Every structure is written in C-alpha cells, then in structure tokens.
Amino acid sequence: MRNAFIVCILKRELRGVFFKMMLDVMVKCLEKSVAEHVEMRHHRREAFTVAIKDGKVDALNNGVVEGVCVRALVKGSWGFSSTTSLLEKDVLKALRDAASLAKDSKPQKKRSARLAEVKAYVDKYVTPLKLDPRKADKEELVSLVMDTDKLVRNFSKAIVSDNVVFNVIDDDLSFASSEGARITQRIVRCFGSVLAVAREKGNVTSSIEAIGAQSGLEILKKTPLDEVGKVAAERASKLVSAPVAPAGVFPVVLENRIVGLLAHEAVGHCAEADLVHGGSFLANKVGKKVASTLVTLVDDGRYPNGFGTMKYDDEGAPTQKTVLIEKGMVKGFMHSRETAHDFKAKPTGNARAWNFEFDPIIRMRNTYIESGDCTVEELAEEIKEGYFLKGGLSGQADFTGEFMFGTQEAVHIKNGEFRESLRGVTISGNAFEVLKKVDAIGKDFAMRIGLCGKEQINYVGIGGPNLRTNVLMGGAAK
Amino acid sequence: MSLQTVSQSAVKNCEKLGADEAEAYAQKTRTVEVVLERGEIQSERVKVNQGIGLRFIKDKKLGFAFTSSLSKDSVLTTCRNAMKLSKTSLPNPDWVSLPTAAKLPKAPTGIFDPEIATLSGNEVLDLTMRAYNAAKECDKRAVIDDGKFSAFVTEVAVSNSHGVEATEKSTLLEGFIVCIAKERGQTSSMAFEYDMTRDIKFSPEKIGRLAAEKAVASIGPKTGESFVGKVILDPEPASTVLCYPVVSSVNADNVQRKRSVWMGKLGEKVAVSQLSIIDNGLLPKGVGSSSFDAEGVPCQTTPIITKGVLKGFLHNSFTANKEKRKSTGNASRDGYNMLPTVFISNLIVEPGKKKLNDLISEVDKGIIVRRFSGNVRTDSGEFSGIAKQANYIENGEIKYPLKETMISGNAFQTIKNIVDIGSESRPTFMRIYTPPILVDKINIVSK
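The rules we used
- Residues numbered from 1 in each chain as written.
- Chains lettered and ligands numbered in written order.
- Predicted model: local features only at pLDDT ≥ 70, side-chain atom pairs only at ≥ 80, totals over all residues.
- Helix = DSSP H or I, 4+ residues; strand = E, 2+ residues; numbered from the N terminus.
- Rg over C-alpha atoms; globule rule 2.2 N^0.38 Å.
- Contact = placed C-beta atoms within 7 Å.
- Pairing = 2+ DSSP bridges.
- Axes fitted to C-alpha atoms, helices over the stretch in contact; angles between N-to-C directions.
- Nonpolar A, V, L, I, M, F, W, Y, C, P; charged D, E, K, R; others polar.
- Domains from an automatic or database assignment.
- Core = buried A, V, L, I, M, F, W, Y, C linked by C-beta atoms within 7 Å.
- Buried ≥ 20, exposed ≤ 12 C-beta atoms within 10 Å, placed from the backbone.
- Left-handed = near helix turned anticlockwise from the far one by under 90°.
- pLDDT = per-residue confidence, 0-100.
- Parallel < 35°, antiparallel > 145°, perpendicular 65-115°, else oblique.
- Expected span 1.5 Å × (residues − 1).

Participant: Residues and numbers for the overall build of chain A, please.
Facilitator: In terms of helices and strands, chain A carries ten helices and 20 strands. Relative to the 2.2 N^0.38 estimate, which gives 23 Å for 478 residues, the radius of gyration of chain A is 24 Å and therefore close to what a compact globule would have. Seen through its principal axes, chain A has C-alpha atoms that stretch 70 × 65 × 35 Å. For chain A, the proportion of contacts with a sequence separation of at least 24, taken over those separated by at least 6, is 73%.

Participant: Tell me what's going on with the sheet that holds strand β24 (residues 432-434) of chain B, and back it up with residues and numbers.
Facilitator: All names here are of chain B. Here we have six strands laid out as an open sheet, ordered β12-β11-β10-β15-β24-β23, and mixed in their pairing. Edge strands, defined here as strands with exactly one partner in the open sheet, are β12 (309-310) and β23 (426-427). Note: strand β10 (residues 277-280) against strand β11 (residues 301-306), four bridges, orientation antiparallel. Residue N280 lies in a different strand from β11, and its bridge partner there is T301. Where helix α6 (residues 235-249) meets the sheet, its contacts fall on β10, β15 (347-349), β23 and β24, and the angle it forms with β24 comes to roughly 125°.

Participant: Got a sec to walk through the interface of chain A and chain B? Specific residues and values, please.
Facilitator: By a frequent convention, interface size equals the accessible area lost on bringing the separate parts together. Facing 64 residues of chain A, the contacting portion of chain B comprises 63 residues. The leading source of residues in the side of chain A that touches chain B is strand β2 (residues 56-74) of chain A, at eleven residues. When its residues are assigned to classes, the side of chain A that touches chain B shows 21 nonpolar, 25 polar and 18 charged. As defined by bridge partners, β2(A) adjoins strand β3 (residues 61-67) of chain B across five bridges and the pair is classed as parallel. Counted as the bridge partner of A:N61 is B:F64 from β3(B).

Participant: How would you explain the domain arrangement of chain A if you had to name every residue and give the values?
Facilitator: Residue and element names in this part refer to chain A. When the domains of chain A are assigned, the result is domain 1 (2-239) and domain 2 (248-473). Computed over C-alpha atoms only, the centres of domain 1 and domain 2 are separated by 23 Å. Domain 1 puts 37 residues into the contact, and the matching count from domain 2 is 30 residues. Listed by contribution, the elements that provide at least two residues to the side of domain 1 that touches domain 2 are β1 (37-53), β2, β3 (77-83), β5 (159-177), β6 (182-200), β7 (203-214) and α5 (225-239). Of all the elements, β7 adds the most residues to the side of domain 1 that touches domain 2, at six residues.

Participant: Summarise the domain arrangement of chain B; cite the residues concerned and give the values.
Facilitator: All names here are of chain B. Annotation of chain B at the domain level lists domain 1 (3-216) and domain 2 (223-242 + 351-446). The C-alpha-based centres of domain 1 and domain 2 are spaced at 30 Å. Taken residue by residue, the interface counts five residues in domain 1 and five residues in domain 2. Per-element tally for the side of domain 1 that touches domain 2: the top contributor is strand β7 (residues 191-197), with three residues.

Participant: Please give an account of the nonpolar core that cites residues and values.
Facilitator: Grouped together as the largest cluster of nonpolar side chains are 242 residues, with contacts concentrated most on A:A72, A:A196, A:V267, B:C14, B:I52, B:L54 and B:I367. Leave out the neighbours within four places in its chain, and A:A72 touches A:A35, A:V38, A:G79, A:L95, A:A98, A:A99 and A:A102. Listed in part, the 38 residues of the second largest apolar core include B:V46, B:V143, B:F202 and B:A212.

Participant: How would you summarise the packing of helix α4 (residues 121-138) of chain B against helix α5 (residues 204-217) of chain B if you had to cite specific residues and measurements?
Facilitator: The angle between the axes and the distance between the axes are what describe a pair of packed helices. Residue and element names in this part refer to chain B. Contact pair α4 / α5: the axes reach a minimum separation of 7 Å and the direction vectors enclose 35°. Where α4 crosses over α5, the handedness of that crossing is right-handed. Contact residues: α4 offers L127, R130, A131, Y132, N133, A134, A135 and C138, while α5 offers P204, E205, I207, G208, R209, A211, A212 and E213. Residue composition of the contact of α4 with α5, grouped by class: ten nonpolar, two polar and four charged.

Participant: Can you tell me about the confidence of the model for chain B, naming the residues and giving the values?
Facilitator: When pLDDT is low, close inspection of the predicted coordinates is not appropriate. Across chain B, pLDDT averages 95, with 100% of residues at or above 70. Reported for the predicted complex are a pTM of 0.93 and an ipTM of 0.93.

Participant: So what's going on with the packing of helix α3 (residues 138-153) of chain A against α5(A)? Which residues, and what values?
Facilitator: Residue and element names in this part refer to chain A. Interhelical geometry of α3 versus α5 gives an angle of 25° and a closest axis separation of 9 Å. Between α3 and α5, the angle falls in the class roughly parallel. As for how α3 packs across α5, the hand of that crossing is right-handed. From α3, V145, T148, L151 and V152 reach across to α5, where they touch L225, D226, G229, K230, A232 and A233.

Participant: Run through the confidence of the model for chain A, naming residues and quoting values.
Facilitator: Looking at chain A as a whole, its pLDDT mean stands at 91, while 96% of the residues score no less than 70. A low-confidence stretch, residues 1-14 of chain A stays under pLDDT 50, and its non-local contacts, those more than four residues away or across chains, total zero contacts.

Participant: Residues and numbers for the pairing of strand β17 (residues 371-376) of chain B, please.
Facilitator: Residue and element names in this part refer to chain B. Where burial is concerned, most of β17 is hidden: six out of the six residues are buried. Neither face of β17 is exposed, since R371, S373 and N375 on one face and F372, G374 and V376 on the opposite face are all buried. In this structure, the hairpin formed by β17 and strand β18 (residues 382-388) is closed by a connection of five residues, where G381 is found at a positive phi of approximately 90°.

Participant: Outline α4(B), supporting the account with residue identities and numerical values.
Facilitator: Given a rise of 1.5 Å per residue, 18 residues ought to cover 26 Å, and the 26 Å separating the end C-alpha atoms of α4(B) matches this to within 8%. Regarding α4(B), the residues found buried are B:G121, B:V124, B:L125, B:L127, B:T128, B:A131, B:Y132, B:A134 and B:A135. Buried-residue contacts for α4(B) involve α2 (88-105) of chain A together with β1 (21-37), β2 (40-58), β4 (142-160), β5 (165-183) and α5 of chain B.

Participant: So, the pairing of β6(A): which residues are in play, and what are the values?
Facilitator: Residue and element names in this part refer to chain A. Within β6, 14 of the 19 residues are buried, which leaves the element mostly enclosed by the surrounding structure. Note: strand β4 (residues 122-126) against β6, five bridges, orientation parallel. Paired with K124 across the two strands is T184, which belongs to β6. Sheet analysis places β5 next to β6, joined by 17 bridges and oriented antiparallel. Within β6, the residue paired with S174 across the bridge is T184. In the sheet, β6 pairs with β7 via twelve bridges, with the strands oriented antiparallel. Bridge pairing links A196 to S207 in β7. Hairpin connection between β6 and β7: a loop of two residues separates the two successive antiparallel strands, and K201 in this loop has a positive phi of roughly 45°.

Okay, here's the thing in structure tokens:
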C-alpha cells in the first residue's frame, strides 16, 4: 500500500517533467522555423466517466487523447497542421506542413492576417483544486453516482428510466510561440447530468439537468448531483400528463438557469469580432443603445470556477472580463489577436481551440447578464397572463440576432401568481427586441455549464439572474 | 503495423490480464478540410485522427479505456486501464456476452473511392472555391457566411475474444455552404445547403448555387398569419422533425427501458399507409453503409414501418442478448473513444411519386420550410422551432418569404397526418434518406 502511494507521487512528478520536455521539444522545433510567426500547442486530454443507466453501471470509462499542433503565419497567410505523434521529427514535419500550407493557400486569400501585440508570457496556471480528481477514489465516485440514480428512480411511480453521468475532463496544455511565450496550463472540469424519464398512460416525457464547474471534485459538495436529480425527476413526473404550453407572444419570466442561453446565443455570438466583421447585428453599434438600461452583459474569462475560465487563451493572450453591453449600450467585442489588430482594439483572450486538431477561433468564455434586485415573485407580480419558463434545452442564433432556445417547463402565471406547470416549448425572437423589453431583473444569479458549437465545439459558462421580458412561444394552437 | 494487428493484439493482451472477454475497436481517419469563414478561407487542415477503444469484461463488470496513440506501450497501458476500471466497476446483471463471429456480407458497393482517399489540401481547396464562385456567380446579392468541405478516409478494425475480426476502409466527401443575401440594407436569414457522397461524383457548384438561391429567395420577408395547417418539410427539416423521434422510438434500448412510446406496439398502425421506412446498412454508396457495425456484427436491412404499420426495432448485441434474439447490426460509435450505442445505419423513407412542384400545387394554404431551427423532444415527439427559409403558399403557389414564423406539433401525431410524400430523396447529416414530406395540422405561429 505504502509503495503504491510512492509510485503514485512519482508518476505525478514525472508528468510535470514530461510536460516540461514537451515544451522543450516544441521550443527546439521553433528554432528551426523559417515562418515569420509560429505558435505550437501540445494538448493532452484525459477523460473519466461514470455512467449509470437504470441502476446499472453502463461502463467505467477512461482515456487519453493527445497531440501537438503548429500554426504558422507566412506573409499574412495562416497554415495549420497537427499530429498525434510526440516525436521531435513528427513535430518538425507538422511545422513544415503548416508553413507550406500557409504559402500554398496565400494566393486564394484576400485578407492578410496581422496580429495585435501581446507580451510573450512565461507562466504556469492550474485550476484551483481542493479535491484533485487524479487522487480520487474511483469506487467512491461510482457509489455517489449510484446514490443519485437510486434517488431519481425512487422519486415517483412515474419515473421509469434514468441516465446519471459524471465526467472529469483534465486538460494539460502547453503553448510556445516564436515570440518567446512559454505557457503551461492545467484545466480541470468536473460535471455531471441527470436525465429522468417519466411514463404514464402511454405518455412519455423526460427532463435533464446538469451541474459542473472548472473545479476539483469539491463541486459535488457545493452542488450535489442529487439536487439536480431531484429537479429532473420532479419535473418529468409533473409534466408527463401535462399539455404543451400555448403559442403566441407572452410576457415571461426566464429562469436564471436559462437566461445564460439568451446571453450566449442571442447576444454573445453577435459580439464575437469575427462575426461583427461579417456584419452581425452589432456591427457599427458601439456606443449605441441596443437593450434596456437594466441590461449589462459581460464575457468573463476569469470568472471563478467558470466552465470557460482560463488564464491564457490558445494564442497566449491573457483572458479578461470584457463588458459587451453596459446599461443597454454596446461597449466592446470579443477578440483574437487578428481581429484586435483589425479593430484597433486589445486582444481579449477569446481565441480558443477545442483541441490540438483545431486552430483557435473567437469563442465566448463565461457569458452572463448581471443581477438586479427583484425576487422571482416580484417579477411575476406584474404579469397578468404569462409564463415562468424553466429548464434549458439547446439553442441557436443567426447573426441578425434572431435566436431560439428550448425550455422544458412553462409555469402558467395568472394575475401575478404561479399556477399549473405545462410542457415547455421553444421560444424565439430578435435578441435585441427581447432585451429592449426587459423591464425587471432578479437578484438570484446562476452560472451553469454549456457546450457551444461554432465549427468546433468548446466548453463555456453561461449565466444570469431571473428576468422579465416578452418572447414568442412556439406552442400549441389555442 | 496494420490496424487489425493492433486490435488483435490488444484483445490478446486483455485476455492475458484476466478478461473473461474483450473487444478492441481501432480507427484511423485522415481528414482534409477547408473552412470558410465570412467568405474567406479561414483554415486548411490535414489531420489524422486515430485511436483504439477497449472493452474489458470480467464477472459481468465492464471497463472501457481508450487512447489516441497506437504504439505498443500505449495500447498495453490502455489494456491495463480497462482492466483496473473493470475491477472498480459493479457487475451489470444484464450483461450476457460480446457478439460471436458470423460470416460478413460482401462490402456494400461504392463505399470506397480511391480518388477521395488521395485528395490533397489543394484539391479540397479547389472544390471549396468552385462552390464559392458558383454562389457568387448565381446572384450578386448572395454573400457566403461560412462553409466547410471535408474529405475523409476511414479505416476501422474490430476484434474480440469470440473470433470477430472485421476491417473495412471507406471514404466520404461532404461540403456545406451557409449563404446570406443582402439587398438595400436588408439581410436575409442564413441559408444552408450541403451534399455528401461516398465517391467523387460531387458537384460543389450545385451546393453554392442552391445556397445562394435559398438566401436570395428569403429576402424581404413578411409576417404571415397564425393558423393550423399544411406544411411541406424539405428533406432536412423532415428528417429532424419527423424522423428523429422515429429513430429514438425504434431504438431497442429505449424500448426495453420503457422510454419509447412504441413499446409493445409492434404490428400496430402508427402512421399513414403511405409511410414505409427501412434501415439498410448495406445500401450501395450509402453514407452509413458498411458490411459490419461498430461491434463487428453483419449489417442488414431491417423494416421499421411498412405501410404505416410498426414492424421492427433496432438492436446492438447488448439489447439483442437481453431478449435472446439476434442483433440487427445497429451498434454505432461516434469514435474509438465511445462505447457502442444503438443507432440507424441508413434510414430510408420510401419516396412517393410527386415532384416538389406537384406537392406545392396541392397546397391551398400552407407553408414550405427548408430549415428548422428548434428543438425536438425525441421521446415525446414534441417539436417547436423557427421555420427558416420558409415561404407562404396559397392556391398551389409560393407567394412570399415569411419572417418570425414558428412551427410546432407532435411527430407521432404528424406521421398520421401525412398528406403526401415527394419523390426527390436525399441523404441528410443524420444518415436519413428522405424526400420532402407534406403534412397537415401543424401549428404555424406568427407574431
């Protein structure tokens, strides 16, 4: 037993040495480069999953995906290449490939990429961890997930099936550039979800809720999986025989757990500088009013425990808190080094890549609307006939600001009072019309996890308080 | 070392480590892709994605481990990881066995094209530029927002302790373009067009032209009225709105776990008589075709709905074993790092006789939807979302593009309200082959 412990420590130290070596290999290769600017990234992603289906362990799952990529800039043209081999000769080959791809595609490119200045940082960052998952007792994790599964299945007679999943994604990232940046980061994300399925008289419905953060396993103490398990089980049981919410434009209270979808889908994408450049709704609107003065919307790369938090982005630029909309007015956009140069702005640390197979593009980090001071009851008070929409599903937005996202539950509000629960529907509208109609903001803030797809996927945080506005609900005909 | 040698030796390693049974799924994919962003080439990538996933079973306890490195040492470490996970795990009483060896059918014709396998970055770039230019030439108002063209060569090898040994190479070429149209300060909604094929017979020009046409056709939209009525769903929205819930409900795992509304309904009428759907893993040139599934079980044709009557469910070996029956060869994995689930191979909605224009001429009052941006609850069948590139139809003619229009309904009701099925079938990104479908009694919601 004691020996095993020593081996374990040794292995961890060896890992540290190994990443130092990988950085050295990349630096050595960089010296042989002829391109004007080169970035190299090494990425090792270790995943661990416990999945329980209906009380049975589906599988315990663990694995590693690892590789190196090179991005080279030659006369304003980017080239990119990646490899899963960590040998110096293969990394060098990737470097040569990236440079020649850059050269070859140059004639087809109209624009010439130039980069805003960023200090070449030499730094190390690790997610603050109280309970490091690498040291965790896996059996304990399995039994914890089993307990949630039991709670969900015993919640009511209507619950017939469930999936309870817990994941740990542990990323080791190194970055080296020809400008001299040398950065290593370890980013740990722990997250779980519960899907509860209810069945009654041939009707079937399901509900899903998730927890998670950039954190160690202490997240399970802060936001127990049981809590969301109960929410999902309760909702599925309640809605299995409920009708679908009606169609039309209604005043609504959006639950804090889904307001982040509005912040992210509807507004956030329009404030990504690459989409702004392409003519998004927010192009040429800096300093103009696009939302109610109650609305302040930010993207924060340093939000404590945020799912999208990192100290540096995948171009080596430090992350920051970027105010996108302040009291209804457009303040700024999210940038990469390239768009920052074009917009004469500062890079905001939003260039992100899913893994070593992708080059970085502008992505949100933790996007949220700031809190106000109303309770949820106060928000409902003013509504004669409307809905309290809860439980997010997936969303999508055009860069004109037309957005949609799904909701799981619509609680009827009649003369300021919460009434019966109906099955949720997809809501839509133009984000900026919806934000102009925000006339009250709640004080209960929630930050949750999200997975965003924009050519490549990435982990993001989305958040906000409960708020009141008007939306179009795509429900049943009256 | 061949992929098959790697998977075979991984199985042997697991057996040496004490596995009752073990399975290795090794995969190697070479991708050449060109990404357009804001009408410009954003990146060009040549990448090789490879790895192996191992199922290690001991006393009905399953451990699964994967690695992106196929070196001998990494694979051995991964075998040990799988063993450790299996030790930590709890027994699954439903576990019976990995599949046993069976004679594989001949590989479906046309799933490998050596021309695609050797496409270079520059050649894919050329395909992309042809689509790009075609969109621009089609209409000056069309602007390309983004797009991506990718050529894949995939090699898969599956081995297990019961003598399953299967290996196959396939190719796929796919491309999409997202177009918007601008006119007098107005911007249309985003129009999406795509194609995918197993062989090089691929027209990027058609993708570009159709994307531009769709975008231009949605300029100057009007707000329509709200009503309950007829909707023509293009193949893409038809597969999302109508077929996803069908796919979910015939998944034997969902049926066994009481999640399917079709549990216990085999032989019952679930749709109009005009609707027939099969799953065909052996479809020549099919985008989901292979001679074996993700567990090395032979692929086959399985009737799902025949003339409106529910005929069959789809199984992998786990769900089949639970019922002591044969797998339908529908084990599926999204990659070597995933466990097999149950999914369709090629789901084929039997085409009808009418061209799209004939379907339109049948509609006295309704809309046509070319893209659906919304949510579909696959278990209950509810769908609601925005009708994109939607047009109002009156007296058999397309009148004007619609804005801020949503559609909603229930897929299981809607397949009983199918009025007609078109003849022009095409594959969608979910490996569903469907023509346009005309349905009735849909909630059409306008502001």
